[in-house]
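Chain and residue survey
Residues per chain, in single letters:
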Amino acid sequence: MCGIIGAVSQRNIANILLEGLLRLEYRGYDSAGLAIIDQLGKFNRFRCLGKVQKLIDTTQNKNLKGIIGLAHTRWATHGAPSEINAHPHLSEHIVIVHNGIIENHEKLRKELLSYGYIFSSETDTEVIAHLFHLKQKQHGGSLLEVVFQTIREIRGSFGIVVMDKSNPSTLVAARIGSPLVIGCGVDENFIASDQIALLSIANSFIHLEEGDVAEISYDKINIFNVIGNIVNRNEIKSYVHYDITSKGKYRHHMQKEIYEQPVAIKNTLKGRCKDKEIDLSELGVNMNFLKNIKHVQIIACGTSYNSGMVSRYWFESLANIPCDVEIASEFRYRKLQVRKNSLLIVLSQSGETADTLAALRLSKKLNYIGSLAICNVLHSSIVRESDLYLTTKSGIEIGVASTKTFSTQLIVLLMLVIKLGSLNGMNLEVQHSIIKAIQILPFRIEQVLARDHIIEEIAKDFFNKNHALFIGRGDHYPIAMEGALKLKEISYIHAEAYAAGELKHGPLALIDNKMPVIVIAPNNELLRKLKCNIEEIRTRGGLLYIFTDQNTNFKNELNMKIIQLPYIENVTAPIFYTIPLQLLSYYVAVIKHRNIDQPRNLAKSVTVE
Ligand code: F6R
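An unreviewed UniProt entry lists the protein chain under the name Glutamine--fructose-6-phosphate aminotransferase [isomerizing], with Candidatus Pantoea edessiphila given as the organism. Regarding the protein chain, the UniProt comment filed under Catalytic activity (unreviewed entry) reads as follows: "D-fructose 6-phosphate + L-glutamine = D-glucosamine 6-phosphate + L-glutamate". Reading the Subunit (unreviewed entry) entry of the UniProt record for the protein chain gives the comment "Homodimer."

In C-alpha cells:
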C-alpha cells in the first residue's frame, strides 16, 4: 500500500517521478507528493490531497526541475488523507517517504517532543524523519549510517527512502517488510515500491531482500544486509512494457481485465495443460514429493481466499486430498495443529499481501512439507520466499478489484488438483474429461461475455439498492462470496453471501420485495436442493436474480429474473459463473458513477497488516 518512487540522475527527473506515481496510483490514492532538488541544490516540495493528476496539474506551470527526488502516493494509515499528511515529510534537511506502519510511533513521538521537535502532521512517517534528524545531530555520520541507527529503533513493517538536502547525491532505502526494487539505468538509478513504476525507464532490476539497506547514487548502488555487510543481489532483466493509458477500447481497466480472461486463461494453460496430462515439471520436484502430499493447507486473503475455497471442493472430491482454507490474518495469530505431510499453498495475485506473507514466514517454523505460492507477480516477496511457485499468467492487473487473477488462480489450482489426483489414483478418464473442460473454458467464457448486454440491463435494477444477498451451494458457495465481495467493493452496495442451505438459520428474516437475492444456480446435482431454497425466498416475496444454465427450465416470473447462460461443464462451472457476477458488479458500479478502478479506501497491494 502506498507507492514510492525515487530517482537520482544527471537529467531532469521531474516527469519520471510524476509518471511513476501515475503507475503506482493503484496502490493508494488518497494524496500524493513529490520532493525534488535541482543541480544548484534548490529544493522544491509539492503535495496535494487527492489523485496524482492533481499533483501533476499543480506542478504543471512551475517549471519543475531536479536531478534527485522522491515521490509518493498515499493510502492513509496514521492520519486522515490531507495535504499536511501527504508525503514526502521533512525534518529540516531530511526528506523521507515511507510505506507501511511504524508500531512504536507513539512512544517515539513523545521522546521527540521532549527534544523539542514540532510535528506538522499526524503521520508515523514524520516521526521517522525527526528521528533521523535527531540521530544525525547526536552521532553525525553519513546518511547510510544514520539510516542503520534509525531503523534499529523503529518497530513495524515498512519500506523507506530518505534523501538529504545538504548532500543531494544519494538516496538511501531500507526494506523491513515492505517491498522495494531498484531500477538500474545508464547514468541514473531508481527505487520504487513496485517494478511497474520503473518499466519504461529501466530494464534491469534488483529486488531488495528483507532487512536490506541500499545506497543509491546515479552511478553506483551499494546494498547492505541486515547486519550491515555489503551484499550482491541478483540483477534481473525484464523487457515488459507497460502503458498506463492502455485501456484500449474499454472505459475501465476492470472492464478490460474481465474481457481479457479467455486470453489470460489460455496463457496460464500454455505448456502446462497437454492433451492428456498436466505438466507441472516447472515445479522442479520429483514425483515422490508430490505423492507424499496427504493434506493441503491454503492461506490467502480476500478474493484469493475465495479461490482457495473453491479449490477445497476440488482437492477433496477429485484428488481425494483433504484440504483446509484459512484467511491469512487468522492463520498467523492462532495456535495451529499441522496435519501430517501437509503442503502449504499461499494464494496471492500481488505476492505482497502483508498477512499472507507473514503467514508464509510463520509456516517455515511449522512442520509443513513445503510451501507453494500461486501468484501473478514473478519476483514478488511471496514467490521469492516460497519453496515452490506456479505463476498465473494474467498479465498486469491494474483494476483494484481482482478479476482475471481470480479465474487464473482457479485454473492453476485445478491443474494442481489433476496432477496430485493423478498420483493419488484419479481415474484416467476423469483426468481427460477435466482437461477437456479446461481447454474449452476460454471459448465458453467468450460466449458469456457476448451476453454482457443482458447483464448490463439487469444492473439497472440495482441503482437504488443498498443491500444484496448472494447464495450458492457446493463449489458455487465461494462464487457467491466472490460475487458479493465484488459488488460491495466497487459499487459500495452492502452485499453478503450465504450457503443457500443457511438461509433459514437467520438471513431469511431479511427477505422482502426490496431485497435482491442473486442465486448461482448451475445445472448440477445440487440444483434440486437449491430450487427449494429459491422457493423459500419466492414465497416471502424476495427479488430473485437467478444465474443459471439454459437447460434448467427456470421461467421469468413476478419478482424473478432468469439470466440464462450457455452450457458449461460442471467442473469448470465455478470459474464460468464468476464472469457474469463480475460483469454485474461492474455495470452496477458504472450506473452508480463509482470510481471503478480505484474504489474508495482500497488499494491493490495490501502491504500493511
Ligand atoms: C478483491 C481483491 C482483494 C484481494 C486481497 C488479497 O477484489 O482484490 O480482496 O484479493 O487483498 O490480495 P492478493 O491476492 O494480492 O494477496
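Following the structure, the description resumes.
1. Considerations on the site of the ligand
Close contacts around the ligand come from 14 residues, with Ser304, Ser348, Ser350, Thr353 and Ser402 the closest. In this structure, Ser350 approaches the ligand through a side-chain N or O atom, which is 2.7 Å from an oxygen atom. Within the side chain of Lys486, one N or O atom sits 2.9 Å away from an oxygen atom of the ligand. Its free accessible area being 400 Å², the ligand has 91% of it covered by the protein chains. Elements supplying a minimum of two residues to the shell around the ligand: helix H9 (302-318) and helix H16 (477-491). The biggest single contributor to the shell around the ligand is H9, with 3 residues. In the shell around the ligand, the residues fall into 4 nonpolar, 8 polar and 2 charged.

2. Remarks on the packing of aromatic side chains
Here the distance between the centres and the angle between the planes together describe a pair of aromatic rings. The full count for this structure, using the stated rule, is 5 aromatic pairs. Centre to centre, the rings of Phe148 and Phe224 are 6.3 Å apart; their planes meet at 85 degrees, and the pair counts as edge-to-face. With Phe148 in helix H5 (residues 143-151) and Phe224 in strand E13 (residues 220-224), this residue pair connects regions lying 76 residues apart in the sequence. Under the relative-accessibility criterion, Phe148 is labelled buried at 13%. Aromatic side chains Phe576 and Tyr577 sit 5.5 Å apart centroid to centroid with 75 degrees between the ring planes, which places their arrangement in the edge-to-face category. Residues Phe576 and Tyr577 agree in their burial class; the two are buried.

3. Observations regarding the UniProt feature "active site" (unreviewed entry) in the protein chain
UniProt annotation of "active site" (unreviewed entry) refers to Cys2 and Lys604 when read in the numbering used here. A maximum C-alpha distance of 9.5 Å places the annotated residues, which cover 603 residues in sequence, within one compact spot. In this fold, Cys2 is placed in the segment before strand E1 (3-8). Assignment of secondary structure puts Lys604 in the segment after helix H18 (573-591).

4. Brief notes about helix H2 (residues 52-59)
Taken together, the buried positions of H2 are occupied by Val52, Leu55, Ile56 and Thr59. Taken around the axis of H2, the buried residues stretch over an arc of 100 degrees, which confines them to a single face. For H2, the secondary structure elements touched by its buried residues are helix H1 (14-24), strand E2 (31-37), strand E3 (43-49) and strand E4 (68-74).

5. Brief notes about the UniProt feature "domain: SIS" (unreviewed entry) in the protein chain
The sites that UniProt annotates as "domain: SIS" (unreviewed entry) are residues 286-426 and 458-599. Regarding residues 286-426, the helix share stands at 43% and the strand share at 20%, and the terminal C-alpha atoms are separated by 19 Å. Here residues 458-599 runs as 34% helix and 22% strand, with 22 Å between its end C-alpha atoms.

6. Points about the environment of Met515
Structurally, Met515 is set in the loop between strand E22 (494-499) and strand E23 (516-521). Spatially, the C-alpha atom of Met515 lies 8.5 Å from that of Leu544, the residues being 29 residues apart in sequence. If we skip the residues at most four places from it in the chain, Met515 touches His467, Ala468, Leu469, Leu510, Gly542 and Leu543.

7. Remarks on the sheet that holds E23
If you walk across this open sheet you meet the 5 strands as E22-E21-E23-E24-E25, and the pairing is parallel. In the strand order of this sheet, the two ends are held by E22 and strand E25 (560-565), each with one partner. Pairwise comparison of adjacent strand axes, ignoring direction, gives a mean angle of 20 degrees for this sheet. In the sheet, E23 pairs with strand E24 (residues 543-549) via 6 bridges, with the strands oriented parallel. When the sheet's bridge partners are listed, Ala521 is paired in E24 with Thr548. Docked against the sheet, H16 engages strand E21 (467-472), E22 and E23, running at close to 175 degrees with respect to E22. Across the face of the sheet, helix H17 (residues 527-538) comes into contact with E21, E23, E24 and E25 while running at roughly 170 degrees to E23.

Definitions and cut-offs
Residues numbered from 1 in each chain as written. Predicted model: local features only at pLDDT ≥ 70, side-chain atom pairs only at ≥ 80, totals over all residues. Heavy atoms only, no water. UniProt positions renumbered as here; feature names shortened; annotations may be inferred. Near = heavy atom within 4 Å. Polar contact = N/O pair within 3.5 Å; in protein donor to acceptor, adjacent residues only side chain to side chain. Areas by Shrake-Rupley, 256 points an atom, 1.4 Å probe, with all protein chains shown as cover. Helix = DSSP H or I, 4+ residues; strand = E, 2+ residues; numbered from the N terminus. Nonpolar A, V, L, I, M, F, W, Y, C, P; charged D, E, K, R; others polar. Phe/Tyr/Trp six-rings, centres within 6.5 Å; stacked < 30°, edge-to-face > 60°. Buried < 20%, exposed > 50% of the residue type's maximum accessible area, 1.4 Å probe, protein only. Arc of directions from axis to C-beta. Contact = heavy atoms within 4.5 Å. Pairing = 2+ DSSP bridges. Axes fitted to C-alpha atoms, helices over the stretch in contact; angles between N-to-C directions.

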